[in-house]
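Fold and contact review
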Amino acid sequence: MKIGIVRFPGSNCDIDCLEAWRVMGEEPKLIWHQETSVQGFDLIVLPGGFSYGDYLRTGAIARFSPIMNDVIRFAKEGGLVWGICNGFQILTECGLLPGALLRNAGLHFICSPQYLRVENNKLAFTNCYEQGQVIQIPISHGEGNYTIDDDGLKALQDNGQIVFRYVTPEGEASAEGNPNGSRDNIAGIVNKKGNVLGMMPHPERVVEEITGGVDGKGMFLSILKAWEGRV
Amino acid sequence: MKAKVIVTLKKSILDPQGSAVERSLKTMGYPVDSVRIGKFMEVTLAEANKAKAEEVMDEICRKLLANPVIEDYFFELEG
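Cut-offs used in this document
- Residues numbered from 1 in each chain as written.
- Chains lettered and ligands numbered in written order.
- Predicted model: local features only at pLDDT ≥ 70, side-chain atom pairs only at ≥ 80, totals over all residues.
- Heavy atoms only, no water.
- 1 Å grid on protein atoms, 1.4 Å probe; cavity = no way out; pocket = protein on both sides within 12 Å on 5 of 7 lines; lining within 4 Å.
- Points joined across faces, edges and corners; volume = space filled by probe spheres on them.
- Helix = DSSP H or I, 4+ residues; strand = E, 2+ residues; numbered from the N terminus.
- Nonpolar A, V, L, I, M, F, W, Y, C, P; charged D, E, K, R; others polar.
- Salt bridge = Lys/Arg side-chain N within 4 Å of Asp/Glu carboxyl O.
- Buried < 20%, exposed > 50% of the residue type's maximum accessible area, 1.4 Å probe, protein only.
- Pairing = 2+ DSSP bridges.
- Axes fitted to C-alpha atoms, helices over the stretch in contact; angles between N-to-C directions.
- Contact = heavy atoms within 4.5 Å.
- Phe/Tyr/Trp six-rings, centres within 6.5 Å; stacked < 30°, edge-to-face > 60°.

Of the volumes computed, that of the largest pocket is approximately 470 Å³. Together, 25 residues line the largest pocket, and Leu56(A), Arg57(A), Arg103(A), Lys39(B) and Glu71(B) are the ones closest to its centre. Elements with a contribution of two residues or more to the lining of the largest pocket: helix H3 (86–93) and strand E5 (100–102) of chain A together with strand E1 (2–9), helix H1 (16–27) and strand E2 (38–44) of chain B. A breakdown of the residues in the lining of the largest pocket according to their chemical character gives ten nonpolar, seven polar and eight charged. Approximately 370 Å³ is the volume found for the second largest pocket. Around the second largest pocket, the lining comprises 18 residues; the ones closest to its centre are Leu102(A), Thr147(A), Ile148(A), Ser12(B) and Ile13(B). Among the elements that take part in the lining of the second largest pocket, strand E10 (residues 145–147) of chain A stands out by supplying three residues, more than any other. Looking at the lining of the second largest pocket residue by residue, the class counts come to ten nonpolar, five polar and three charged.

The structure is reproduced here in structure tokens:
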């Protein structure tokens, strides 16, 4: 699979993503944000970090990087785009995903393991999980408080676009299980077509036991399975 | 021409920073009802025509300075 990981000035999870894909036997390429084409790739990853130092708003300036025009074109043509953390923020800023990410309700930067529930396992990104499966994937963000208006939320719910919810260890999507104030406990969403996914948690950090778990591996396996099924 | 831009979170959006400052001011004993935190920006434009400058500023605000999903903006032109 031809995987491209976009590196913006201030990205800091680009190498984690690269290593995670290597664990899966793939050899991704890093794409500098000044490049202008993602031609030939099967998947584009927008990694976590602090692109442009989070100036103005998280992801606001990265969204106008030269490479993003072609990432948007690629996404609109059905190419797989996976935004993690800052990548999710960039995807909402450029309008590929609805809503926005605000300061965490408690104002703190949170870096900790987090339980999630898989709400849609029929996607290229999640087909190796069980529907409703509770997984543990770390979060690491100061601006992960997902917000969207009532109509937008209803559309996400009706179309099965909510992919992950923050939950308690027992799998309850309650206020107690919500670390950052996100609306409807939303941790990750997908666009209507199912080819653009954004999520705040970091699955690339949990693909090997030595880093504390392997619950993130399912996403990598899902993407490979979906891609192999297509060729 | 100079533009002074104010960007604020929409009224419907919770402002946890503003709430924290509000609580602090109340603790200090001031008669404060609420605090909202926003951003102030000054943009110097290479455009002398006021109508054109207004058009440009509106576009700049919509596209980059504010995120219309969560923020409102307001600007004033000078000079």
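It is worth spelling out the pattern of salt bridges at this point. This structure, assessed with the given rule, holds 17 salt bridges over all chains. One salt bridge in this structure joins Asp150(A) and Arg183(A), with 2.8 Å as the shortest N-O distance. You can see Asp150(A) sitting in helix H4 (residues 150–158) and its partner Arg183(A) sitting in the loop between strand E11 (162–166) and strand E12 (186–190), a full 33 residues away along the chain. Asp150(A) sits in the exposed class, given a relative accessible area of 54%. Residues joined in a network through salt bridges with shared partners are Arg57(A), Glu93(A), Lys39(B) and Glu71(B).

This part covers the sheet that holds strand E1 (residues 3–7) of chain A. Residue and element names in this part refer to chain A. Taken in spatial order, the nine strands line up as E2-E1-E3-E4-E13-E12-E11-E7-E8 in an open sheet, and their pairing is mixed. The sheet terminates laterally at strand E2 (29–32) and strand E8 (134–136), the two strands that pair on one side only. The mean angle between the axes of side-by-side strands here comes to 20°, regardless of whether they run parallel or antiparallel. By the bridge criterion, three bridges tie strand E7 (residues 115–118) to E11 in an arrangement that is antiparallel. When the bridges of E11 are listed, valine 118 appears paired with phenylalanine 164. Docked against the sheet, H3 engages strand E3 (43–46), strand E4 (80–84), E12 and strand E13 (196–199), running at close to 120° with respect to E4.

Another point: the side chain of Ser65(A). Residue and element names in this part refer to chain A. On the secondary structure map, serine 65 appears in the loop between E3 and helix H2 (66–76). Under the relative-accessibility criterion, serine 65 is labelled buried at 3%. In contact with serine 65, not counting residues within four places along its chain, are Phe8, His33 and Tyr52.

Another point: the sheet that holds strand E3 (residues 71–78) of chain B. Residue and element names in this part refer to chain B. Reading across from one edge, E2-E1-E3 is the order of the three strands in this open sheet, with antiparallel pairing throughout. In this open sheet, the two edge strands, each paired with only one partner strand, are E2 and E3. Neighbour to neighbour, the strand axes of the sheet diverge by 20° on average, direction disregarded. In this sheet, E3 lies alongside E1 in antiparallel orientation, the contact comprising eight bridges.

What follows is about the pairing of E12(A). Residues and elements named next belong to chain A. By the criterion of burial, E12 is predominantly enclosed, with five of the five residues buried. Relative to E12, E11 runs antiparallel, the two sharing three bridges. Within E12, the residue paired with phenylalanine 164 across the bridge is glycine 188. Alignment of E12 against E13, held across three bridges, turns out to be antiparallel. For isoleucine 189, the partnering residue across the bridge sits in E13 and is glycine 198. Once E12 ends, the chain turns through five residues before running back antiparallel as E13, passing glycine 194 with a positive phi of about 85°.

Time to look at the packing of aromatic side chains. Residues and elements named next belong to chain A. What the rule picks out here adds up to five aromatic pairs over all chains. For the ring pair tryptophan 21 and tryptophan 82, a centre distance of 6.4 Å and an interplane angle of 85° mean the geometry is edge-to-face. Separated by 61 residues along the polypeptide, tryptophan 21 in helix H1 (residues 14–23) and tryptophan 82 in strand E4 bring together distant segments of the chain. Taken as a pair, tryptophan 21 and tryptophan 82 share a single burial class, namely buried. Seen from their ring centres, tryptophan 82 and phenylalanine 220 are 5.1 Å apart, and the 70° between their planes marks the pair as edge-to-face. Separated by 138 residues along the polypeptide, tryptophan 82 in strand E4 and phenylalanine 220 in helix H5 (residues 217–230) bring together distant segments of the chain. Overall, tryptophan 82 belongs to the buried group, its relative accessible area being 0%.

What follows is about unusual backbone geometry. The phi angle at Asp54(A) is positive, at roughly 60°, despite the residue not being glycine. Mapped onto the secondary structure, Asp54(A) falls in the loop between E3 and H2.

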